[in-house]
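A look at the structure
So the chains spell out like this:
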Amino acid sequence: MANVEKIKEMIAEEISAARQTIKTDDYSMSIGELINLYRDNEITLDPAFQRLFRWEDDQKTKLIESILIGIPIPEIFVAQKADGTWHVVDGVQRLSTIFQLTGVLRNSEPLMLTLCKYIPSFEGRTWDELPTSTQREFKKSKIKVNIILTENSDEAQYELFQRLNTGGTELSAQEVRNCLMLMIKPVFYDKVNELKSYPNFLECIKPLKSHYLEKEYHMELILRMWIGFDGNTNFNDYEPISKAVIGDFIDKETIRLMNTDTMELFEGVFKRTFDKLRPALAESSFKKFDAQRSDFSGPFNVSVFEMITSGIASNIDDIENVGNAELVDTIKQLYAEGEVVLGLDRGVKPIKRFKDLTAFAKDFFK
């Protein structure tokens, strides 16, 4: 019983400590006030989110209509920086739409409204064509702004964005992670986004269904390969490894990679790896080898992807000189190794499997 009470005390203490790290405040602000803050550069709309998630004009028109007829719209979340400025974390499209309509959104054409249900006369109109009384009413409309006071870092801001945008939304883990890359190092995002279209890479991951690509899963695969090739992960940071989450692992390792200067090196190795794999195995590259059937079969396997790409990429200088048939035979032999049989077992946790298989493959292909 004493142990139960101790645990309760620990829970209460941990909650109290966590609440001290993030403080919040909220205001109900008029659209006119928000426009003025934006004009004065006191509100930042991160271009990262605008590049990734764009509304169509009919979505924008519905928002404007909702505001004017009094339908409540979701609150805006902003992260307050050390200098007091606000960085919009959730609500970029709503504010962008409002600012575009009123003609203050930078680098944007005026918004032309489309047909909507309650105010059909909106269709084809711009801000200047709306009645003055409507303009005034619109600017007086209130929006709740929730202000999050975090440490002044991109990582803290990303975590906030992640928590707000992964519950009950249709964004994949990688789509949210793309915002992380764009917030911290846009050139890093651009490089991964470029590599995802490399023809030989796409040929090798062809068994992946199209909806995976629509959710940018091939970008996540590139990050997994990069982490394995880099080989500088401190796995002690993920103890106990049995409870660590693979998505958090990829997030943290991506942040680490963005603070290195390995981008040019990895780009070259990435292309050379798939230039070798495509003619050798093509779309069978990341299927398991079945010794009894003497064939590569089954669906695309992400653990096989991590293992094969890390092993070949780390030894590409030697493997480029190996014939395709010899490379295929070597990969077949890999599946007979006890460490690989154990590593691919379903009971192994994802991060431990990643650690063990990538390390083994890098030595095996030497």
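- The name an unreviewed UniProt entry gives the protein is GmrSD restriction endonucleases N-terminal domain-containing protein, with Pseudoalteromonas holothuriae as the organism.

**What to know about the nonpolar core**
- Counting residues in each nonpolar core, the largest one holds 62 residues, and the members touching the most others are Phe286, Ile308 and Ile331.
- Per-element accounting of this core gives the leading share, nine residues, to helix α12 (residues 217–230).
- Excluding residues within four positions of it along the chain, Phe286 makes contact with Cys204, Ile205, Phe274, Leu277, Pro299, Phe300, Asn301, Val304, Phe305, Ile308 and Thr309.
- The next biggest cluster of nonpolar side chains, apart from the first, holds 34 residues, and it includes Ile67, Ile73, Cys116 and Ile147.

**What to know about the packing of helix α9 (residues 186–195) against α12**
- The contact between α9 and α12 brings their axes to 9 Å, and the two run at 110°. Comparing the axis directions of α9 and α12 gives the class roughly perpendicular. Packed against α9, whose contacting residues are Phe188, Tyr189, Val192, Asn193 and Leu195, the element α12 presents Met219, Ile222, Leu223 and Trp226 at the interface.
- Classifying every residue of the contact of α9 with α12 by side-chain character gives eight nonpolar, one polar and no charged.

**Details of the packing of aromatic side chains**
- Within this structure, the stated rule accounts for 23 aromatic pairs.
- Centroid distance Phe286 to Phe300: 5.9 Å. Interplanar angle 75°. Geometry classified as edge-to-face. Taken together, the residues Phe286 in the loop between α14 (263–281) and β6 (288–290) and Phe300 in the loop between β7 (295–297) and α15 (302–314) connect sequence positions 14 residues apart. You'll find Phe286 and Phe300 in the same group, each marked buried.
- On the numbers, 6.5 Å between centres and 75° between planes, the contact of Phe296 with Tyr335 is edge-to-face. Taken together, the residues span a long stretch of sequence, with Phe296 in strand β7 and Tyr335 in the loop between α17 (324–334) and α18 (338–343) at a distance of 39 residues.
- Overall, Tyr335 belongs to the buried group, its relative accessible area being 11%.
- Over the ring of Tyr38 we find Arg106; its NZ or CZ atom is 4.1 Å from the centre of that ring.

Reading the values: rules and limits
Residues numbered from 1 in each chain as written. Predicted model: local features only at pLDDT ≥ 70, side-chain atom pairs only at ≥ 80, totals over all residues. Heavy atoms only, no water. Core = buried A, V, L, I, M, F, W, Y, C linked by side-chain atoms within 4.5 Å. Buried < 20%, exposed > 50% of the residue type's maximum accessible area, 1.4 Å probe, protein only. Helix = DSSP H or I, 4+ residues; strand = E, 2+ residues; numbered from the N terminus. Contact = heavy atoms within 4.5 Å. Axes fitted to C-alpha atoms, helices over the stretch in contact; angles between N-to-C directions. Parallel < 35°, antiparallel > 145°, perpendicular 65-115°, else oblique. Nonpolar A, V, L, I, M, F, W, Y, C, P; charged D, E, K, R; others polar. Phe/Tyr/Trp six-rings, centres within 6.5 Å; stacked < 30°, edge-to-face > 60°. Lys NZ or Arg CZ within 6 Å of the ring centre and 35° of its normal.

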